[in-house]
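Report on the structure
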Amino acid sequence: MATGQTVTVYGAYGHTGRFVVAELRERGFVPVLSGRDAHKLKALANEYPGLQVRPTAVDDPASLDEALAGAVAVINCAGPFATTSAPVIEAALRAEIPYVDVAAEIEANADTFARFADRARVAGTVIVPAMAFYGGLGDLLATAAMGDWSEADEAHIAYGLNSWEPTEGTRAAGKVSAERRGGRRVRFRNGQLEYHNDDLPTVQWPFPDPMGPRTVVGEFTMTDVVTIPSHLPIPEVRTYMTTEAVGGVLAPDTPAPTAVDDHGRSAQTFLVDVVVRSGNTERRAAARGQDIYAVTAPLAVEAVHRILTGQTRTVGGGVASAGELFDAPDFLRALSPHITLERLP
(Lines give C-alpha, C1' and ligand atoms only; values in the text may rest on other atoms or scores of the structure.)
Protein backbone atom coordinates (compact mmCIF):
# COMPACT_ATOMS: atom_id res chain seq x y z
CA MET A 1 0.00 0.00 0.00
CA ALA A 2 1.20 3.52 -0.82
CA THR A 3 2.23 5.74 2.08
CA GLY A 4 0.60 9.06 1.34
CA GLN A 5 2.10 9.62 -2.12
CA THR A 6 0.26 12.29 -4.09
CA VAL A 7 -1.27 11.43 -7.47
CA THR A 8 -3.02 14.05 -9.59
CA VAL A 9 -6.27 12.86 -11.17
CA TYR A 10 -7.20 14.99 -14.15
CA GLY A 11 -10.94 14.72 -14.76
CA ALA A 12 -11.46 13.62 -11.17
CA TYR A 13 -15.18 14.50 -11.09
CA GLY A 14 -16.06 12.40 -14.15
CA HIS A 15 -17.74 9.02 -13.89
CA THR A 16 -14.49 7.03 -14.22
CA GLY A 17 -12.47 9.69 -12.41
CA ARG A 18 -14.56 9.21 -9.28
CA PHE A 19 -13.79 5.49 -9.29
CA VAL A 20 -10.09 6.29 -9.70
CA VAL A 21 -10.12 8.75 -6.78
CA ALA A 22 -11.78 6.16 -4.54
CA GLU A 23 -9.34 3.44 -5.59
CA LEU A 24 -6.32 5.67 -4.96
CA ARG A 25 -7.55 6.39 -1.45
CA GLU A 26 -8.19 2.70 -0.86
CA ARG A 27 -4.59 1.97 -1.88
CA GLY A 28 -3.13 4.64 0.41
CA PHE A 29 -2.44 7.33 -2.19
CA VAL A 30 -3.54 10.95 -1.75
CA PRO A 31 -5.42 12.14 -4.85
CA VAL A 32 -5.19 15.72 -6.06
CA LEU A 33 -8.51 16.63 -7.66
CA SER A 34 -8.00 18.38 -10.98
CA GLY A 35 -10.00 19.12 -14.10
CA ARG A 36 -11.57 21.82 -16.20
CA ASP A 37 -14.74 22.53 -14.15
CA ALA A 38 -14.02 24.26 -10.83
CA HIS A 39 -17.62 23.88 -9.60
CA LYS A 40 -17.67 20.13 -10.17
CA LEU A 41 -14.28 19.82 -8.48
CA LYS A 42 -15.56 21.71 -5.45
CA ALA A 43 -18.61 19.45 -5.24
CA LEU A 44 -16.37 16.38 -5.35
CA ALA A 45 -14.06 17.86 -2.71
CA ASN A 46 -17.06 18.15 -0.37
CA GLU A 47 -17.21 14.35 -0.45
CA TYR A 48 -13.49 14.10 0.37
CA PRO A 49 -12.60 16.77 2.95
CA GLY A 50 -8.91 17.60 3.01
CA LEU A 51 -8.07 16.76 -0.58
CA GLN A 52 -6.51 19.50 -2.69
CA VAL A 53 -8.49 20.96 -5.57
CA ARG A 54 -6.60 22.34 -8.56
CA PRO A 55 -8.81 23.53 -11.45
CA THR A 56 -6.86 23.34 -14.68
CA ALA A 57 -7.41 24.12 -18.34
CA VAL A 58 -5.64 21.90 -20.87
CA ASP A 59 -4.74 24.93 -22.96
CA ASP A 60 -2.95 26.57 -20.01
CA PRO A 61 0.48 24.92 -19.49
CA ALA A 62 1.20 26.94 -16.35
CA SER A 63 -1.99 25.75 -14.62
CA LEU A 64 -1.26 22.18 -15.70
CA ASP A 65 2.18 22.48 -14.12
CA GLU A 66 0.55 23.69 -10.90
CA ALA A 67 -1.87 20.75 -10.98
CA LEU A 68 1.02 18.27 -11.18
CA ALA A 69 3.31 20.04 -8.71
CA GLY A 70 4.46 17.67 -5.98
CA ALA A 71 2.69 14.65 -7.50
CA VAL A 72 4.49 11.35 -8.11
CA ALA A 73 2.22 10.51 -11.07
CA VAL A 74 -0.80 11.74 -13.01
CA ILE A 75 -3.83 9.74 -14.16
CA ASN A 76 -5.78 11.38 -16.97
CA CYS A 77 -9.49 10.46 -16.87
CA ALA A 78 -10.76 13.42 -18.90
CA GLY A 79 -11.99 12.84 -22.38
CA PRO A 80 -12.16 13.43 -25.22
CA PHE A 81 -8.53 12.35 -25.08
CA ALA A 82 -7.95 13.74 -28.54
CA THR A 83 -8.06 17.08 -26.68
CA THR A 84 -6.54 16.26 -23.29
CA SER A 85 -3.88 13.58 -23.78
CA ALA A 86 -1.14 15.62 -25.44
CA PRO A 87 -1.28 18.65 -23.08
CA VAL A 88 -1.31 16.49 -19.94
CA ILE A 89 1.51 14.30 -21.29
CA GLU A 90 3.51 17.46 -22.01
CA ALA A 91 2.98 18.53 -18.40
CA ALA A 92 4.03 15.09 -17.12
CA LEU A 93 7.21 15.30 -19.20
CA ARG A 94 7.97 18.74 -17.72
CA ALA A 95 7.30 17.40 -14.21
CA GLU A 96 9.27 14.20 -14.94
CA ILE A 97 6.52 11.97 -13.53
CA PRO A 98 4.70 8.93 -14.98
CA TYR A 99 1.54 9.49 -17.00
CA VAL A 100 -1.33 6.98 -17.19
CA ASP A 101 -4.63 7.51 -18.99
CA VAL A 102 -7.86 5.58 -19.54
CA ALA A 103 -8.39 6.57 -23.17
CA ALA A 104 -10.56 4.32 -25.30
CA GLU A 105 -10.20 6.49 -28.41
CA ILE A 106 -8.28 4.56 -31.06
CA GLU A 107 -6.77 7.57 -32.84
CA ALA A 108 -5.87 9.37 -29.61
CA ASN A 109 -3.93 6.34 -28.39
CA ALA A 110 -2.22 5.91 -31.76
CA ASP A 111 -1.23 9.58 -31.57
CA THR A 112 0.31 9.05 -28.13
CA PHE A 113 2.57 6.26 -29.39
CA ALA A 114 3.54 8.14 -32.53
CA ARG A 115 4.10 11.54 -30.97
CA PHE A 116 5.70 10.80 -27.62
CA ALA A 117 7.62 7.51 -27.87
CA ASP A 118 11.01 9.06 -28.60
CA ARG A 119 10.65 12.02 -26.25
CA ALA A 120 9.47 9.88 -23.34
CA ARG A 121 12.33 7.44 -23.84
CA VAL A 122 14.92 10.23 -23.87
CA ALA A 123 13.31 11.87 -20.83
CA GLY A 124 13.08 8.59 -18.93
CA THR A 125 9.36 9.18 -18.35
CA VAL A 126 6.86 6.30 -18.45
CA ILE A 127 3.68 6.94 -20.43
CA VAL A 128 0.92 4.32 -20.43
CA PRO A 129 -2.10 5.05 -22.64
CA ALA A 130 -5.38 3.08 -22.54
CA MET A 131 -4.74 1.64 -19.07
CA ALA A 132 -8.41 0.78 -18.82
CA PHE A 133 -11.05 -1.82 -19.55
CA TYR A 134 -10.69 -1.17 -23.28
CA GLY A 135 -7.10 -1.38 -24.42
CA GLY A 136 -5.50 -2.37 -21.12
CA LEU A 137 -7.41 -5.47 -20.02
CA GLY A 138 -7.55 -7.01 -23.49
CA ASP A 139 -3.84 -6.38 -23.98
CA LEU A 140 -2.98 -8.03 -20.67
CA LEU A 141 -5.14 -11.06 -21.50
CA ALA A 142 -3.67 -11.38 -25.00
CA THR A 143 -0.13 -11.10 -23.64
CA ALA A 144 -0.86 -13.72 -21.00
CA ALA A 145 -2.40 -16.02 -23.60
CA MET A 146 0.66 -15.67 -25.83
CA GLY A 147 2.85 -17.08 -23.07
CA ASP A 148 6.18 -18.12 -24.58
CA TRP A 149 5.11 -17.42 -28.17
CA SER A 150 7.16 -14.66 -29.79
CA GLU A 151 4.53 -14.03 -32.48
CA ALA A 152 1.07 -15.10 -33.60
CA ASP A 153 -1.08 -14.92 -36.71
CA GLU A 154 -4.25 -13.50 -35.16
CA ALA A 155 -5.67 -12.11 -31.94
CA HIS A 156 -9.40 -12.01 -31.26
CA ILE A 157 -10.91 -10.08 -28.34
CA ALA A 158 -14.60 -10.73 -27.73
CA TYR A 159 -16.49 -8.46 -25.32
CA GLY A 160 -19.42 -10.18 -23.66
CA LEU A 161 -21.27 -7.24 -22.13
CA ASN A 162 -24.84 -7.85 -21.02
CA SER A 163 -25.55 -4.14 -21.59
CA TRP A 164 -23.78 -0.85 -22.13
CA GLU A 165 -25.10 2.36 -20.62
CA PRO A 166 -22.61 4.96 -21.88
CA THR A 167 -21.40 7.87 -19.80
CA GLU A 168 -21.39 11.44 -21.07
CA GLY A 169 -17.64 11.05 -21.61
CA THR A 170 -18.12 7.91 -23.71
CA ARG A 171 -20.60 9.69 -25.95
CA ALA A 172 -18.33 12.73 -26.34
CA ALA A 173 -15.31 10.56 -27.18
CA GLY A 174 -17.33 8.57 -29.70
CA LYS A 175 -18.46 11.75 -31.43
CA VAL A 176 -14.90 13.02 -31.72
CA SER A 177 -13.66 9.68 -33.06
CA ALA A 178 -16.45 9.53 -35.64
CA GLU A 179 -15.59 13.05 -36.82
CA ARG A 180 -11.90 12.18 -37.14
CA ARG A 181 -12.77 9.16 -39.28
CA GLY A 182 -15.19 11.04 -41.47
CA GLY A 183 -17.87 8.53 -40.54
CA ARG A 184 -15.77 5.57 -41.65
CA ARG A 185 -15.10 2.46 -39.61
CA VAL A 186 -11.69 1.17 -38.57
CA ARG A 187 -10.04 -2.25 -38.24
CA PHE A 188 -6.55 -3.70 -37.95
CA ARG A 189 -5.46 -5.86 -40.86
CA ASN A 190 -2.12 -6.76 -42.41
CA GLY A 191 -0.29 -5.02 -39.59
CA GLN A 192 -1.97 -1.62 -39.92
CA LEU A 193 -5.10 0.37 -39.19
CA GLU A 194 -7.49 0.34 -42.13
CA TYR A 195 -10.45 2.67 -42.62
CA HIS A 196 -13.49 1.38 -44.50
CA ASN A 197 -17.21 1.72 -45.13
CA ASP A 198 -18.04 -2.00 -45.12
CA ASP A 199 -21.07 -3.24 -43.20
CA LEU A 200 -20.18 -4.96 -39.94
CA PRO A 201 -21.00 -8.68 -39.81
CA THR A 202 -22.75 -10.46 -36.97
CA VAL A 203 -21.43 -13.85 -35.87
CA GLN A 204 -21.71 -16.29 -32.98
CA TRP A 205 -18.97 -16.21 -30.37
CA PRO A 206 -18.47 -19.25 -28.05
CA PHE A 207 -18.12 -17.47 -24.71
CA PRO A 208 -17.35 -19.74 -21.72
CA ASP A 209 -20.26 -20.93 -19.58
CA PRO A 210 -22.44 -19.73 -18.02
CA MET A 211 -22.69 -17.03 -20.71
CA GLY A 212 -22.30 -19.48 -23.57
CA PRO A 213 -22.58 -18.63 -27.29
CA ARG A 214 -23.78 -15.10 -28.04
CA THR A 215 -24.36 -13.04 -31.14
CA VAL A 216 -21.65 -10.42 -31.54
CA VAL A 217 -20.91 -7.64 -33.99
CA GLY A 218 -17.68 -8.45 -35.77
CA GLU A 219 -15.07 -5.72 -36.20
CA PHE A 220 -16.73 -3.49 -33.61
CA THR A 221 -13.25 -2.15 -33.19
CA MET A 222 -11.87 -1.04 -29.84
CA THR A 223 -8.46 0.35 -28.89
CA ASP A 224 -6.95 -3.13 -28.46
CA VAL A 225 -6.00 -2.69 -32.13
CA VAL A 226 -3.50 -0.07 -30.93
CA THR A 227 -2.24 -1.53 -27.66
CA ILE A 228 -1.71 -5.16 -28.72
CA PRO A 229 0.18 -4.51 -31.99
CA SER A 230 2.33 -1.91 -30.23
CA HIS A 231 4.43 -4.73 -28.78
CA LEU A 232 3.16 -8.08 -30.08
CA PRO A 233 3.90 -9.02 -33.72
CA ILE A 234 0.33 -9.99 -34.61
CA PRO A 235 -0.80 -8.75 -38.05
CA GLU A 236 -4.53 -9.37 -37.53
CA VAL A 237 -6.28 -8.05 -34.38
CA ARG A 238 -10.06 -8.19 -34.31
CA THR A 239 -12.53 -7.19 -31.63
CA TYR A 240 -16.17 -8.21 -31.20
CA MET A 241 -19.04 -6.84 -29.12
CA THR A 242 -22.29 -8.43 -28.03
CA THR A 243 -25.28 -7.03 -29.89
CA GLU A 244 -26.96 -5.97 -26.63
CA ALA A 245 -24.01 -3.72 -25.82
CA VAL A 246 -23.79 -2.28 -29.33
CA GLY A 247 -27.46 -1.38 -29.24
CA GLY A 248 -27.08 0.33 -25.89
CA VAL A 249 -24.04 2.43 -26.68
CA LEU A 250 -25.34 3.55 -30.09
CA ALA A 251 -28.88 4.40 -29.02
CA PRO A 252 -29.25 8.14 -28.32
CA ASP A 253 -31.65 7.65 -25.40
CA THR A 254 -29.79 5.00 -23.39
CA PRO A 255 -29.50 6.32 -19.82
CA ALA A 256 -26.20 6.78 -18.00
CA PRO A 257 -25.02 4.05 -15.59
CA THR A 258 -26.89 3.76 -12.29
CA ALA A 259 -25.20 2.54 -9.11
CA VAL A 260 -26.57 -0.67 -7.59
CA ASP A 261 -24.04 -1.35 -4.82
CA ASP A 262 -21.99 0.42 -2.15
CA HIS A 263 -19.02 0.68 -4.53
CA GLY A 264 -21.03 2.73 -7.02
CA ARG A 265 -20.99 -0.01 -9.65
CA SER A 266 -23.81 -0.52 -12.12
CA ALA A 267 -25.48 -3.87 -12.74
CA GLN A 268 -23.55 -4.28 -15.98
CA THR A 269 -21.48 -7.49 -16.21
CA PHE A 270 -18.71 -8.34 -18.63
CA LEU A 271 -16.77 -11.30 -19.91
CA VAL A 272 -13.68 -10.61 -22.04
CA ASP A 273 -12.65 -13.69 -24.02
CA VAL A 274 -9.32 -13.57 -25.87
CA VAL A 275 -8.00 -16.03 -28.43
CA VAL A 276 -4.56 -15.89 -30.03
CA ARG A 277 -3.78 -18.22 -32.92
CA SER A 278 -0.51 -19.39 -34.42
CA GLY A 279 -0.95 -21.81 -37.30
CA ASN A 280 -3.47 -24.40 -36.15
CA THR A 281 -2.85 -23.80 -32.44
CA GLU A 282 -4.98 -21.54 -30.26
CA ARG A 283 -4.44 -20.21 -26.78
CA ARG A 284 -7.14 -18.50 -24.72
CA ALA A 285 -7.53 -16.26 -21.70
CA ALA A 286 -10.69 -14.74 -20.24
CA ALA A 287 -11.81 -12.52 -17.38
CA ARG A 288 -15.21 -11.63 -16.01
CA GLY A 289 -16.43 -8.91 -13.68
CA GLN A 290 -18.89 -6.09 -13.05
CA ASP A 291 -19.02 -2.58 -14.56
CA ILE A 292 -16.48 -1.67 -17.22
CA TYR A 293 -16.02 1.85 -15.83
CA ALA A 294 -15.48 0.70 -12.25
CA VAL A 295 -12.90 -1.95 -13.17
CA THR A 296 -10.87 0.67 -15.01
CA ALA A 297 -9.90 2.23 -11.67
CA PRO A 298 -7.95 -0.74 -10.25
CA LEU A 299 -6.31 -1.24 -13.65
CA ALA A 300 -5.01 2.35 -13.70
CA VAL A 301 -4.05 2.51 -10.03
CA GLU A 302 -2.29 -0.86 -10.09
CA ALA A 303 -0.30 0.44 -13.06
CA VAL A 304 0.77 3.53 -11.13
CA HIS A 305 1.72 1.40 -8.13
CA ARG A 306 3.86 -0.92 -10.23
CA ILE A 307 5.61 1.89 -12.06
CA LEU A 308 6.47 3.67 -8.82
CA THR A 309 7.73 0.47 -7.17
CA GLY A 310 9.80 -0.68 -10.14
CA GLN A 311 7.59 -3.66 -11.02
CA THR A 312 7.98 -3.23 -14.77
CA ARG A 313 9.47 -5.34 -17.54
CA THR A 314 11.30 -2.44 -19.16
CA VAL A 315 13.92 -0.09 -17.77
CA GLY A 316 13.73 3.65 -18.31
CA GLY A 317 11.00 5.64 -20.00
CA GLY A 318 8.90 5.50 -23.13
CA VAL A 319 5.34 4.91 -24.26
CA ALA A 320 4.22 1.38 -23.48
CA SER A 321 0.97 -0.52 -23.28
CA ALA A 322 0.03 -2.64 -20.27
CA GLY A 323 1.11 -5.96 -21.78
CA GLU A 324 4.54 -4.66 -22.72
CA LEU A 325 5.28 -2.85 -19.47
CA PHE A 326 4.03 -5.35 -16.90
CA ASP A 327 4.15 -9.07 -16.17
CA ALA A 328 0.69 -9.77 -17.60
CA PRO A 329 -0.28 -12.91 -15.63
CA ASP A 330 0.95 -11.40 -12.36
CA PHE A 331 -0.84 -8.11 -13.02
CA LEU A 332 -4.09 -9.93 -13.81
CA ARG A 333 -3.87 -11.99 -10.64
CA ALA A 334 -3.38 -8.79 -8.64
CA LEU A 335 -6.81 -7.70 -9.89
CA SER A 336 -8.49 -10.74 -8.32
CA PRO A 337 -10.72 -8.67 -6.00
CA HIS A 338 -12.19 -7.05 -9.11
CA ILE A 339 -12.10 -9.69 -11.86
CA THR A 340 -12.33 -13.46 -12.07
CA LEU A 341 -9.80 -15.06 -14.38
CA GLU A 342 -10.69 -17.98 -16.61
CA ARG A 343 -8.71 -19.96 -19.18
CA LEU A 344 -5.46 -18.28 -18.15
CA PRO A 345 -2.52 -20.43 -19.27
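Let me sum up the structure you'll find in this document.

Here is what the cut-offs are and how they apply
Residues numbered from 1 in each chain as written. Predicted model: local features only at pLDDT ≥ 70, side-chain atom pairs only at ≥ 80, totals over all residues. Heavy atoms only, no water. Salt bridge = Lys/Arg side-chain N within 4 Å of Asp/Glu carboxyl O. Helix = DSSP H or I, 4+ residues; strand = E, 2+ residues; numbered from the N terminus. Buried < 20%, exposed > 50% of the residue type's maximum accessible area, 1.4 Å probe, protein only. Expected span 1.5 Å × (residues − 1). Contact = heavy atoms within 4.5 Å. Core = buried A, V, L, I, M, F, W, Y, C linked by side-chain atoms within 4.5 Å. Phe/Tyr/Trp six-rings, centres within 6.5 Å; stacked < 30°, edge-to-face > 60°. Pairing = 2+ DSSP bridges. Right-handed = clockwise from strand over helix to strand, strands pointing away.

1. Topic: the pattern of salt bridges
According to the stated counting rule, one finds 23 salt bridges in the structure shown. The partner of arginine 119 in a salt bridge is glutamate 90, with the nearest N and O atoms 2.8 Å apart. Of the two residues, arginine 119 sits in helix α5 (residues 106–123) while glutamate 90 sits in helix α4 (residues 81–95), which places them 29 residues apart along the sequence. With relative accessibility at 40%, the residue arginine 119 sits in the partly exposed group. With a shortest N-O distance of 2.4 Å, glutamate 342 and arginine 288 are connected by a salt bridge. Note that glutamate 342 is positioned in strand β16 (residues 339–342) and arginine 288 in strand β14 (residues 281–290), a separation of 54 residues in sequence.

2. With respect to helix α6 (residues 133–146)
If you check α6, its first and last C-alpha atoms are 19 Å apart, about what 14 residues at 1.5 Å a residue would give, namely 20 Å. Among the 14 residues of α6, 14 are classified as buried, and the element is accordingly described as predominantly covered. Just downstream of α6 lies glycine 147, where phi reads positive at about 60°.

3. A closer look at the environment of proline 80
Following the sequence through the fold, proline 80 ends up in the loop between β4 (73–76) and α4. Relative accessible area serves as the criterion here: at 15%, proline 80 is assigned to the buried category. Placed 83 residues apart in sequence, proline 80 and serine 163 show a C-alpha to C-alpha distance of 22 Å. Not counting residues within four places of it along the chain, the set of residues in contact with proline 80 comprises Glu105, Ala172, Ala173 and Val176.

4. Description of the nonpolar core
Within the largest apolar cluster, 106 residues are counted, with the highest numbers of intra-cluster contacts made by Ile75, Met131, Phe133, Leu161, Trp164 and Met241. Not counting residues up to four positions away in its chain, the partners in contact with leucine 161 are Phe133, Tyr134, Met241, Thr242, Glu244, Ala245, Gln268, Thr269, Phe270 and Ile292. The next biggest cluster of nonpolar side chains, apart from the first, holds 9 residues, and it includes Ala158, Val216, Tyr240 and Ala286.

5. Let's talk about the packing of aromatic side chains
Under the defined criterion, the tally for this structure stands at 8 aromatic pairs. When the ring of phenylalanine 133 is compared with that of tyrosine 159, the centres are 5.5 Å apart and the planes differ by 50°; the resulting orientation is tilted. Remark: tyrosine 159 occurs in strand β7 (residues 154–161) and phenylalanine 133 occurs in helix α6; sequence separation between them is 26 residues. Between tryptophan 205 and phenylalanine 207, the ring centres sit 6.4 Å apart and the planes meet at 55°, which makes this aromatic pair tilted. As far as the burial class goes, tryptophan 205 and phenylalanine 207 line up, both buried. Site record: aromatic cluster; members linked through ring pairs are Phe133, Tyr134, Tyr159, Trp164 and Phe270.

6. With respect to the pairing of β4
Alternating positions in β4 separate into two faces, Ala73 and Ile75 on one and Val74 and Asn76 on the other, with burial throughout. Where strand β1 (residues 6–10) meets β4, 4 bridges bridge the pair, whose relative direction is parallel. In the sheet register, tyrosine 10 faces β4, and the bridge partner there is asparagine 76. Read as a crossover between parallel neighbours, the route from β4 over α4 to strand β5 (residues 99–101) is right-handed.

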